[in-house]
Amino acid sequence: MSTDLLGLLVAIPLATAIASVAVVRHRHRQRVLGLVSLGSMLALSLGWLLDVRDGDVLVSQMGGWPAPFGITIVFDSLSGLLLCAGLVVAIGCYVHAFSVLDPETERRYFHPLVQLLLVGVNQCFLTGDLFNLFVGFELMLMASYGLLVLGHSRRQLGQAYKYLLLNLIASTVFVVSAGLVYGMFGTLNLADLAAIVDARVVSGEGLPPGFVGVSVLLLFVFGAKGAFFPLWFWLPDTYHTCPIPVAALFSGLLTKVGVYAVARTYPLVFAAGDARDVVTPLLLMSAAATMLLGVLGAVSQDRVRRILAVHVISQVGYMVFGLSLMTTAGLAGALYYMVQHMIVKSSLFLCCGVMERHTGTDDLGRLGGLYRRDRFLGVAFFVAAMSLVGLPPLSGFFGKLILVREGWNDRWWLSLVALVTGLLTLVSMLKVWSKGFWSAPAPAGERTTDVLAVGSMRGAYTGIGLLVAAAVFVGLAAEPIYDIALQAGEQLTDPTAYIEAVNPRALFAAGGAGGGG
Amino acid sequence: MTTVLAVCVAVIVTVSVYLVTSRELKSIAMGVFLLGHGANLAIVAMSGSPVLPGGLLRQPPILGGGDLVDPLPQALILTAIVINFAVMGFLLTLLILTARRTSTLNVDELALEDPPSDGPVLDGEPGRRR
């Protein structure tokens, strides 16, 4: 099935970004433009997601060039779910930003940068070839560098370089690996690569000697973007310094794109043959270390922002756990976990922002009595925190249940690590809850700011409400969403439908030619 | 030809790794840019060698030579160069801004700029809002 309109998901935010720059003096016009763009993208993705629910794969060949030659855009269950979740997160953070960003920062390119970030993220989710995945990464990163130093305070400038340089180096490695893949197979189209690799493994011809190396190099690249175990050090400092709506947006989108890239390319291409024996143990160990060390880091922190930032790492571990199983249910579990985590984590960051506005600090030692002061915030934070921990009716529970059950037979030790991590997550979230919300208010002298007028924070509360409602929805509608995730998992473990939809060898079909370029 | 390219890439990457490990942000930035060039050269090698086994050069397509080097990696490099260029511009701007704000570009001193007891930045102090 093919549709030529898929490119809209990249074109709309790009056009909006340009239009926002044109009206950069008027922040209300920029807001309206941005909301129209985000809303229309969400509507389009939801519509297409319903189309692909039964296992269809929507494909759009840019400019009419057939697959291995042109740019292919693919919309299947995997990209559809993540696009929708990403856009929900973006809308929540965007509305929240209206009332918390200071007007000058907002006017100076917050809106175009958010749209550009979405150009990159959407392209990553949609692209059907390795090189455009690189281009999508770069677009996303350029926008994220800009958002990271938004307002450019001294602290932001000092901390930005860690993130910037690590990503620059990772991107360079990505280009080299893409070049190596092209040198080996003569194509960069993922469906084409999958077909060639599969044919070579089945026929016993074997894969080129450098294949395992490239596979590990790419794992380094995606691991750096996704904050997997040894490559996570940039994350806490980065999220600590930037404005809250930006931190929330990053926590929902950036690391997940790294995880998505692994989920897309490894079952399809890079975990074939010998590479599987190398990549799987790496992923398994990385998953265990990311989960456990991440949560231990979170338990030891005393500042709400750092607790949440380090939790992002720990939660990425769960997703890697699902990916490392490389089974249908494991991949589906990882995907469901990603969807719920994107929404829950962003709403927690937004709550943390309002806590800071109330008290002027995020230091747990100086917080207190917030529940009495702001019931809505207390309830929203509690629901989101319990979703993160995984209390039964909420979304985190289903995500963890699927993963632990799937891992129990083969990798029981990893499932145990996941359960212990869940317990420690509960400890750290209860710490925030009891010290920040439940305890007696801090001594009056410690309060640095007055109680906020509710009117000026309308956007902030709307954003939080939207995301918490979405999180509850993901928990209540766990079955239909998991069905789509399962569909995606099946398509990843058996890519026949994907390859047929992209049809990379259509032009050669008559001559029967195949194999490497 | 491929050997020459391989040696070039090795030298460039060595120099850039040396630069990236320095404590001065200017050198680190230069190192990262060089690394990008090294990566592009590595992709050029994927086009295949323009020197035929007999020592003759391949005919360029404009002269109607039928036996061409693969042009696709060069298209990839063009994209990579443009992206690299944009990143370079951004990074240099950020360096200038940082130098103006903090009057240092030393990594250790920049790390000191961040006193751990300080609170997180508020997104525009509430007092300033209207």
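Here, every reference points to the structure presented above.
Basis of the calculations
- Residues numbered from 1 in each chain as written.
- Chains lettered and ligands numbered in written order.
- Predicted model: local features only at pLDDT ≥ 70, side-chain atom pairs only at ≥ 80, totals over all residues.
- Heavy atoms only, no water.
- Helix = DSSP H or I, 4+ residues; strand = E, 2+ residues; numbered from the N terminus.
- Buried < 20%, exposed > 50% of the residue type's maximum accessible area, 1.4 Å probe, protein only.
- Contact = heavy atoms within 4.5 Å.
- Salt bridge = Lys/Arg side-chain N within 4 Å of Asp/Glu carboxyl O.
- Pairing = 2+ DSSP bridges.

Caption draft 1: Geometry of unusual backbone geometry. All names here are of chain A. One non-glycine residue, Ala227, lies in the positive phi region at around 60°. Locating Ala227 in the fold gives a position in the loop between helix 9 (211-226) and helix 10 (234-241). Its relative accessible area of 0% is what places Ala227 among the buried residues. Its identity is not glycine, yet Met326 carries a phi of approximately 55°, on the positive side. Mapped onto the elements, Met326 comes out in the loop between helix 13 (304-325) and helix 14 (328-359).

Caption draft 2: Seen up close, the environment of Gly252 of chain A. Note that Gly252 of chain A resides in helix 11 (residues 244-270). Excluding its chain neighbours within four sequence positions, the residues that come into contact with Gly252 of chain A are Val89, Met342 and Ser346 of chain A.

Caption draft 3: Region of interest: the pattern of salt bridges. Residues and elements named next belong to chain A. Here the structure, examined in full by the defined rule, presents six salt bridges over all chains. Across the pair Glu106 and Arg27 runs a salt bridge whose closest N-O atoms are separated by 3.4 Å. Highlighted residues: Glu106 in helix 4 (residues 103-107) and Arg27 in helix 2 (residues 27-51), separated in sequence by 79 residues. Note that Lys431 and Asp302 form a salt bridge whose closest N and O atoms lie 3.7 Å from each other. Within this pair, whereas Lys431 is found in helix 18 (residues 412-438), its partner Asp302 is found in the loop between helix 12 (274-299) and helix 13, the two being separated by 129 residues in sequence. The class of Asp302 is partly exposed, set by a relative accessible area of 40%.

Caption draft 4: Spotlight on the pairing of strand 2 (residues 72-75) of chain A. All names here are of chain A. A two-sided burial pattern is seen for strand 2, the buried positions comprising Thr72 and Val74 on one face and Ile73 and Phe75 on the other. Looking at chain direction, strand 1 (residues 58-61) and strand 2 are connected through four bridges and run antiparallel. Across the sheet, the residue bridging to Gln61 is Thr72, located in strand 2.

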